[in-house]
Amino acid sequence: MQYKIHLSPPHMSGREMKYVQQAFDTNWIAPVGPNIDAFEEGLCRYTGSRHALAVSSGTAAIHLALLALGIGKGDIVLCQSLTFVATANPIMYVGATPVFIDSEPVTWNMCPNALEDAILHYAHLGQKPKAVIVVHLYGMPAMLDETVYLCKKHEVPLIEDAAEALGSEYRGRKAGTFGDIGVLSFNGNKIITTSGGGAMLSDHAHYIEKARFLATQAREPVGHYEHREIGYSYGMSNVCAGIGRGQLEVIDMRVRQRRANFFTYQNALSRIESIHFQTGNADMSSNRWLSALQIKREHLSPEDILMALASEGIECRRTWKPMHCQPIYKTLPHFGGSVSESLFERGICLPSGSDLTYARLADIISKLAAVIRNKHRLQ
Ligand SMILES: *Cc1c(COP(=O)(O)O)cnc(C)c1O
């Protein structure tokens with residue numbers, strides 16, 4: 001399928017090549033160099049995190065976060081079920097067991113009640129969970145007051161998967177800075193990109209130092225060549241970090257553009273009774289990485305809508321299928337009800353690129369409204 005309008009394409013600022021050129025001019029074509037240092041500093045400045053580590057992907061950052069927290073074989077990690085698979089897979093990499101937690105309907109993220117049930121259940125069995133991974137889905141911050149409170153109360157470390165949420169805020173503070181460790185992604189379709197990359201954020205220097213050591217093959221800082229632990233090659237390239245520096249200079253504009261897409265959709269479509277947007281509450285400011293909504297209309301599935309819009313060259317996407325329903329994870333425990341399943345069954349994400357023009361938004365809106373009102377013949 002050749003789309004005219006993509007879901008979330010990369011959007012260059014024009015400032016990236018300056019830093020990429022600097023990398024070439026100085027021959028820092030390596031997973032070390034001045035662009036990486038400057039990008040990490042820029043991430044700290046922007047998010048308010050004390051420390052940052054740039055790595056090769058968001059998935060690598062989650063893996064390193066688990067390793068930095070000392071999580072390994074036989075441990076239990078409580079993980080939001082409604083998410084992209086990269087939130088959960090690193091739990092398996094370290095030999096731990098993911099236990100999935102349902103969502104609540106306001107933010108679509110981890111339900112604090114189900115989270116507490118799970119913590120108490122495993123604590124009672126003498127198997128207190130070793131970490132919680134909460135996600136800010138499509139940019140919408142989770143119920144962070146409740147989640148942070150529960151993790152503190154039960155002394156379980158919190159990892160925030162903010163891969164989709166750079167620039168989102170909760171009570172004026174940036175997403176990714178509430179947990180013991182926060183994770184970002186700079187994959188090609190995220191709000192800013194390094195072509196592929198990620199980062200780990202933390203106020204605790206020792207987590208970042210541990211992760212930096214493991215990300216660079218765990219080579220011991222001694223005179224000769226020595227290894228006492230198994231490491232990884234997870235560093236970000238200095239060339240990619242150059243793209244990231246150029247992108248980070250326009251992050252505020254990108255957040256404004258994506259939020260404007262959402263408000264345009266919301267203003268135009270919220271009168272249609274069957275449409276329910278991902279809302280959040282007054283404490284939350286989503287970067288609206290993707291504009292997400294549910295269509296509660298009988299005999300009109302998300303698949304029908306996707307196909308009708310695809311035939312017009314418009315790329316939409318269904319909401320993630322929850323992890324506890326995936327063939328690879330369906331035998332693992334799950335806490336809570338069926339909120340994430342119904343979000344999967346009724347949810348879609350609309351084109352949300354920061355380069356969308358008003359004319360294109362208007363086009364998407366009229367085609368979607370026509371499909372919902374059934375004026376459009378479904379193929
Ligand atoms: C994109 C994404 C990741 C992983 O990021 P990569 O950089 O693609 O490895 C992790 N979690 C969520 C929720 C994501 O959307």
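Residues numbered from 1 in each chain as written. Predicted model: local features only at pLDDT ≥ 70, side-chain atom pairs only at ≥ 80, totals over all residues. Heavy atoms only, no water.

**Structural notes on empty space enclosed by the protein**
The test is simple: With a 1 Å grid laid over protein atoms only, a set of points is called a cavity when a 1.4 Å probe fits there but cannot get out and a pocket when it is open yet has protein on both sides within 12 Å along at least five of seven lines; lining residues have an atom within 4 Å of a point. Grid points are joined across faces, edges and corners, and a volume is the space filled by probe spheres set on the points. The residue classification treats Ala, Val, Leu, Ile, Met, Phe, Trp, Tyr, Cys and Pro as nonpolar and Asp, Glu, Lys and Arg as charged. All others, Gly included, are polar.
Per the counting criterion, the structure on display carries 1 cavity of 30 Å³ or more. One number sums up the size of the largest cavity: a volume of about 40 Å³. Taken together, Ser49, Gly176, Thr177, Gly179, Asp180, Ile181, Gly182, Leu201, Ser202 and Asp203 form the lining of the largest cavity. Counted by class, the lining of the largest cavity contains 2 nonpolar, 6 polar and 2 charged residues.

**Considering the packing of helix H10 (residues 302–310) against helix H12 (residues 358–372)**
The cut-off we apply is this: Fitted lines through C-alpha atoms serve as axes, helices being fitted only where they are in contact, and the angles separating the N-to-C directions of these axes extend from 0 to 180 degrees. Counting from the N terminus, the helices are DSSP H or I runs at least four residues long and the strands are E runs at least two residues long. Roughly parallel means an angle under 35 degrees; roughly antiparallel means over 145; roughly perpendicular covers 65 to 115; every other angle is labelled oblique. In this scheme, a crossing is called left-handed if the near helix is turned counterclockwise away from the far one by less than a right angle; it is called right-handed if the turn is clockwise. By definition in these notes, contact holds between two residues if any of their heavy atoms fall within 4.5 Å.
Direction vectors running N to C along H10 and H12 enclose 135°, while the axes themselves pass 10 Å from each other. In terms of orientation, H10 and H12 fall into the oblique class. Judged by the twist between their axes, the crossing of H10 over H12 is right-handed. Along the contact surface, H10 presents Ile305, Ala308 and Leu309, while H12 presents Lys367, Leu368 and Val371.

**Topic: the sheet that holds strand E5 (residues 158–161)**
Applicable threshold: Pairing between two strands is assigned when DSSP locates at least 2 bridges connecting them.
Taken in spatial order, the 8 strands line up as E1-E9-E8-E5-E4-E2-E3-E14 in an open sheet, and their pairing is mixed. Where the open sheet ends on each side, the last strands, each with one partner, are strand E1 (51–55) and strand E14 (334–335). Here E5 pairs with strand E8 (residues 181–185) via 3 bridges, running parallel. Residue pairing in the sheet places Asp161 in a bridge with Val183 of E8. Strand contacts of helix H3 (residues 58–68): E1, strand E2 (76–80), strand E4 (131–135), E5, E8 and strand E9 (198–202), with the helix running at about 165° to E8, the strand carrying the most contacts.

**Some words on the sheet that holds strand E6 (residues 169–170)**
An order of E7-E6-E11 is seen for the 3 strands of this open sheet, with the pairing classed as antiparallel. Every other strand in the sheet has two partners, leaving strand E7 (173–174) and strand E11 (284–285) as the edge strands with one partner each. Judged from the 2 bridges that link them, E6 and E11 form a sheet pairing that is antiparallel. Opposite Glu169, over in E11, you have Ser285 as the bridge partner.

**Considerations on the site of the ligand**
Note the cut-off: By convention in these notes, a residue is near a molecule or strand provided one of its non-hydrogen atoms lies within 4 Å of it. Polar contacts, as counted here, are pairs of nitrogen or oxygen atoms within 3.5 Å of one another; within protein the pair requires one atom able to donate a hydrogen and one able to accept it, and residues that are adjacent in sequence qualify only if both atoms are side-chain atoms. Here the accessible surface of atoms and residues is derived via Shrake-Rupley with a 1.4 Å probe, and residues count as covered only by protein chains that are part of the display.
If you check the shell around the ligand, you find 15 residues, and the closest are Gly58, Thr59, Glu164, Ser185 and Lys190. Within the side chain of Thr59, an N or O atom sits 2.5 Å from an oxygen atom of the ligand. A distance of 2.7 Å separates an oxygen atom of the ligand from a polar atom in the side chain of Ser185. When the free accessible area of the ligand is taken as 380 Å², the share hidden by the protein chains comes to 94%.

**Here we look at H10**
Going by this rule: Buried residues are those whose accessible area, probed at 1.4 Å on protein chains only, stays under 20% of the maximum for their type, while exposed residues exceed 50% and partly exposed ones sit between those limits.
Within the sequence span of H10, burial applies to Pro302, Ile305, Leu306, Ala308, Leu309 and Ala310. On its buried face, H10 sits against strand E12 (291–295), strand E13 (317–318), helix H11 (339–346), strand E15 (347–350) and H12.

**Concerning the domain arrangement of the chain**
Applicable threshold: Domain borders in the structure are assigned automatically or taken from a domain database. Using a 1.4 Å probe, buried area is obtained as the accessible area two parts lose upon being combined, added over both of them.
One can read the domain layout of the chain as domain 1 (16–248) and domain 2 (252–378). For domain 1 and domain 2, the distance between their C-alpha centroids amounts to 26 Å. Facing 45 residues of domain 1, the contacting portion of domain 2 comprises 40 residues. Together, the buried faces of domain 1 and domain 2 total about 3600 Å²; carbon and sulfur atoms form 63% of this surface. If you sort the residues of domain 1 by the area they bury against domain 2, Phe100, Trp108 and Tyr138 come out on top, with a joint share of 24%.

**Some points on the pattern of salt bridges**
Let me state the cut-off plainly: Here a salt bridge means any side-chain nitrogen of Lys or Arg lying within 4 Å of a carboxyl oxygen belonging to Asp or Glu.
Applying the stated criterion across every chain yields a total of 12 salt bridges. Residue Arg171 is joined to Asp145 by a salt bridge in which the shortest nitrogen-to-oxygen separation is 2.3 Å. Here Arg171, found in the loop between E6 and E7, pairs with Asp145, found in helix H6 (residues 144–153); they are 26 residues apart in sequence, far enough to count as distant. Using a relative accessible area of 52% as the deciding quantity, one classes Arg171 as exposed. Put simply, Asp145, Arg171 and Asp283 are held in one network by salt bridges that share partners.

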